[in-house]
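What follows is each chain in one-letter form.
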Amino acid sequence: MKKIIIGLVTACLSLTFSPTLSAKNTNNAVSKNTAEATAIVNRLHEIKTMDLSKLNADQKKELRKEVLDMKKQVMSDHPVVIISGGALLLIIILLIILL
């Protein structure tokens, strides 16, 4: 009985946390993503090599906003599963109880 429960819990968790990918235009999407990624990396290198001491406060603010927008764009492309410490502790306790 315990093995069945553990198997069901494992199956449910693995299906819950597995990312889903669409099969439409994967080659096109990959080439688009790599082109965007290289553009973002190049722009970040440009910003990093700039002499920020010569810029005024408004220009620095615009650069910070641009970097944050790029970071949001990169993070939105890749889904991330975040498990809090409490949830992780609860999962471990449940596994100990069930085993």
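The preceding data block contains the structure.
From a predicted model like this one, the values you see are computed outputs, not experimental measurements.

It is worth spelling out the overall build of the chain at this point. Each helix and strand counted, the chain has four helices and zero strands in total. Of all 99 residues assigned to the chain, the portion counted as buried reaches 4%. Summed over all atoms, the accessible surface of the chain reaches about 8800 Å², with 66% contributed by carbon and sulfur.

Right, let's talk about a nonpolar patch on the surface for a bit. Taken together, the side chains of Val81, Ile83, Leu88, Ile92 and Ile96 make up a nonpolar region of the molecular surface, amounting to roughly 460 Å² of accessible area. Mapped onto the elements, Ile92 comes out in helix H4 (residues 85-98).

Together, Lys60, Lys61, Arg64, Lys65 and Lys72 line one region of the surface with positive charge. Mapping Lys65 onto the fold places it in helix H3 (residues 57-77). By relative accessible area, Lys65 is classed as exposed at 57%.

So, on to the pattern of salt bridges. One pass over the structure, following the stated rule, counts three salt bridges. For Arg43, the salt bridge is made with Glu66, and the minimal N-O distance between the two is 2.7 Å. On the criterion of sequence distance, the pair formed by Arg43 in helix H2 (residues 26-49) and Glu66 in helix H3 is long-range, its members being 23 residues apart. Via salt bridges that share partners, Arg43, Glu46 and Glu66 belong to a single interconnected network.

Below, the discussion takes up the environment of Met50. Structurally, Met50 is set in the loop between H2 and H3. Among all residues touching Met50, those that are not within four sequence positions of it are Arg43 and Leu63.

Counting through the fold element by element, Glu36 comes out in helix H2. You can call Glu36 partly exposed: its relative accessible area is 28%. Taking the C-alpha atoms as reference points, Glu36 and Val74, 38 residues apart in sequence, are found 9.3 Å from one another.

Cut-offs and rules
Residues numbered from 1 in each chain as written. Predicted model: local features only at pLDDT ≥ 70, side-chain atom pairs only at ≥ 80, totals over all residues. Heavy atoms only, no water. Helix = DSSP H or I, 4+ residues; strand = E, 2+ residues; numbered from the N terminus. Buried < 20%, exposed > 50% of the residue type's maximum accessible area, 1.4 Å probe, protein only. Areas by Shrake-Rupley, 256 points an atom, 1.4 Å probe, with all protein chains shown as cover. Patch = residues over 30% accessible without salt bridge, like charges linked within 9 Å, V, L, I, M, F, W, Y side chains within 5 Å. Salt bridge = Lys/Arg side-chain N within 4 Å of Asp/Glu carboxyl O. Lys, Arg positive; Asp, Glu negative; His and termini not counted. Charge placed at Lys NZ, Arg CZ, Asp CG, Glu CD. Contact = heavy atoms within 4.5 Å.

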